[in-house]
Amino acid sequence: MRNVLVTGGAGFIGSNFIRYMLAIEPEINIVNLDALTYAGSLENLRDLSSQDRYKFVHGMVGDRSKVDQILRDHAIDTIVHFAAETHVDRSILGPAMFIETNIVGTFELLEAARSYWINESAFSSDQVRFHHISTDEVFGSLGPEDPPFSELTPYAPNSPYAASKAASDHLVRSYGKTYNLPFSITNCSNNYGPYQFPEKLIPLMISNALNGLPLPIYGDGKQIRDWLYVEDHCRAIREVIRKGNPGETYIVGGNTQPTNMLVVQTLCEIMDECLPNSKFVPHESLITHVIDRPGHDRRYAMDISKISTELGWTPKLTLEEGLLKTVQWYLENQAWVEAISNQADYQEWLSRNYIQRGGQK
Ligand code: NAD
Ligand code: TYD
């Protein structure tokens with residue numbers, strides 16, 4: 001891992017990953033290719049912009065000639081592919097971009113890597129790696145008694161987002177089998193932490209609670225997710241690229257599976273403690289049930305024994321520790337939240353999504 005192309009590095013996990021890697025790996029250079037959609041912002045990487053080991057390129061992963069040029073100009077030996085459309089609710093209202101970016105974009109990126117690494121023999125196969133960032137959502141929903149997802153769980157995606165990620169996982173795997181492209185895949189659970197776009201559950205609840213707005217719980221709120229603090233995810237990705245064999249996939253999760261309602265209640269308690277003088281204490285009184293998401297997966301849970309035993313990775317932060325850090329970060333970075341939330345199309349989307357769920361404007 002010397003010259004790394006990170007795609008989608010201006011988004012939530014990608015920006016955390018770039019910051020983490022530049023701090024921990026003194027020898028690597030990173031090129032960040034990002035289309036700067038509503039979810040990406042250079043503000044997420046402002047502190048790194050003057051680093052000479054970091055370079056930003058504005059563009060789409062599906063832009064083959066641009067990707068070809070980056071690979072050659074920077075002698076890229078490692079690709080860490082985060083770029084995607086990522087919000088399930090948006091994929092329900094408008095799936096087309098999910099197909100375009102997550103499936104076609106991944107295909108173009110794979111083709112570029114195959115052409116440079118394999119057809120042109122730019123490197124030997126033990127020098128390169130295509131690491132694909134995926135999600136637990138590809139496995140569908142667990143029943144109450146089902147064992148947690150493992151690397152052997154069959155794919156059964158339920159949302160257009162999950163289906164597009166499943167398709168991209170299969171494409172990556174097929175390039176390994178068919179063309180000997182050295183790859184690895186991590187299927188990770190729900191991340192949270194600094195720089196997450198406020199449409200996702202945890203930052204949305206923090207922002208709304210701060211402003212005295214309703215905290216919209218989809219359906220009964222008894223859906224179960226596994227949650228992982230973003231820096232623990234970044235550490236897992238690094239371990240898989242460094243120590244995981246090519247062709248392997250790894251389940252990555254936080255070993256903590258609360259209901260959505262419990263997550264929101266815990267956040268409200270933390271907000272009460274951090275902001276005892278707020279007129280919205282107790283923040284829990286802002287919780288509002290709204291119409292459920294269609295096809296809403298009921299339960300996710302992760303079996304992380306493969307990555308723990310093979311690579312020695314386990315999450316460091318408990319959910320309570322991670323949520324406290326996250327609330328503190330959002331409270332200290334209100335200007336960031338306001339700037340990224342003030343895009344007209346986001347405000348429009350937010351109210352459309354809320355009203356669609358039966359919420360009152
Ligand atoms: P995000 O939505 O915060 O960021 C996505 C980034 O990709 C943005 O910077 C956006 O501008 C960029 N992008 C979108 N389309 C692009 C294109 N065509 N070309 C180049 N860049 C493009 O996403 P995130 O939450 O950081 O997720 C990153 C990856 O991790 C995704 O692949 C996602 O499926 C996966 N993942 C996310 C979670 C989670 O909880 N957030 C969990 C598991 C896996
Ligand atoms: P989300 O953060 O959108 O991630 P994902 O759908 O990828 O898991 O949602 C996490 C969970 O929280 C999911 O079960 C949907 C639920 N949810 C709400 O109840 N209310 C909300 O306003 C949002 C955004 C999500």
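Scroll up to find the structure.
This write-up is about the structure you can find in this document. All of these numbers come straight from a predicted model, not from anything done at the bench.

**Thoughts on the side chain of Ser 168**
So, step 1. Within the secondary structure, Ser 168 sits in helix α5 (residues 160-179).
So, step 2. The contact partners of Ser 168, leaving out residues within four places of it in the chain, are Asn 102, Thr 106 and His 132.

**Examining the layout of surface pockets**
So, step 1. Here the second largest pocket is characterised by a volume of approximately 250 Å³.
So, step 2. In this structure, the second largest pocket is lined by 14 residues; those nearest its centre are Glu 151, Arg 173, Phe 183, Gly 247 and Thr 249.
So, step 3. At the level of elements, α5, β6 (183-188) and β10 (248-252) are the ones that each hand at least two residues to the lining of the second largest pocket.
So, step 4. Per-element accounting of the lining of the second largest pocket gives the leading share, 4 residues, to α5.

**Some words on helix α6 (residues 201-210)**
So, step 1. Across the 10 residues that make up α6, a large majority, 8, are buried.
So, step 2. Three or more residues of α6 are buried, namely Ile 202, Pro 203, Leu 204, Met 205, Ile 206, Ser 207, Asn 208 and Ala 209.
So, step 3. Following α6 by one or two positions, Gly 212 has its phi on the positive side, about 70°.

**Some words on the site of ligand 2**
So, step 1. Near ligand 2 you find 16 residues, and of these Glu 137, Leu 201, Pro 216, Arg 293 and His 296 are the closest.
So, step 2. Within the backbone of Leu 201, one N or O atom sits 2.9 Å away from an oxygen atom of ligand 2.
So, step 3. Arg 293 places a polar side-chain atom, nitrogen or oxygen, 2.6 Å from an oxygen atom of ligand 2.
So, step 4. Protein chains shield 96% of the accessible area of ligand 2, which is 510 Å² for the free molecule.
So, step 5. Listing elements by their share of the shell around ligand 2, those giving two or more residues are α6 and β8 (215-218).

**Notes on the site of ligand 1**
So, step 1. Neighbouring residues of ligand 1: 28 residues in total, closest Ile 13, Asp 34, Thr 86, Tyr 161 and Lys 165.
So, step 2. One nitrogen or oxygen atom from the main chain of Gly 11 is found 2.9 Å from an oxygen atom belonging to ligand 1.
So, step 3. Burial of ligand 1 by the protein amounts to 96% of the accessible area it has alone, namely 840 Å².
So, step 4. Those elements giving two or more residues to the shell around ligand 1 turn out to be α1 (12-24), β5 (129-135), α5 and β7 (190-192).
So, step 5. At 3 residues, the largest contribution of residues to the shell around ligand 1 is made by β5.

Conventions we followed
- Residues numbered from 1 in each chain as written.
- Chains lettered and ligands numbered in written order.
- Predicted model: local features only at pLDDT ≥ 70, side-chain atom pairs only at ≥ 80, totals over all residues.
- Heavy atoms only, no water.
- Helix = DSSP H or I, 4+ residues; strand = E, 2+ residues; numbered from the N terminus.
- Contact = heavy atoms within 4.5 Å.
- 1 Å grid on protein atoms, 1.4 Å probe; cavity = no way out; pocket = protein on both sides within 12 Å on 5 of 7 lines; lining within 4 Å.
- Points joined across faces, edges and corners; volume = space filled by probe spheres on them.
- Buried < 20%, exposed > 50% of the residue type's maximum accessible area, 1.4 Å probe, protein only.
- Near = heavy atom within 4 Å.
- Polar contact = N/O pair within 3.5 Å; in protein donor to acceptor, adjacent residues only side chain to side chain.
- Areas by Shrake-Rupley, 256 points an atom, 1.4 Å probe, with all protein chains shown as cover.

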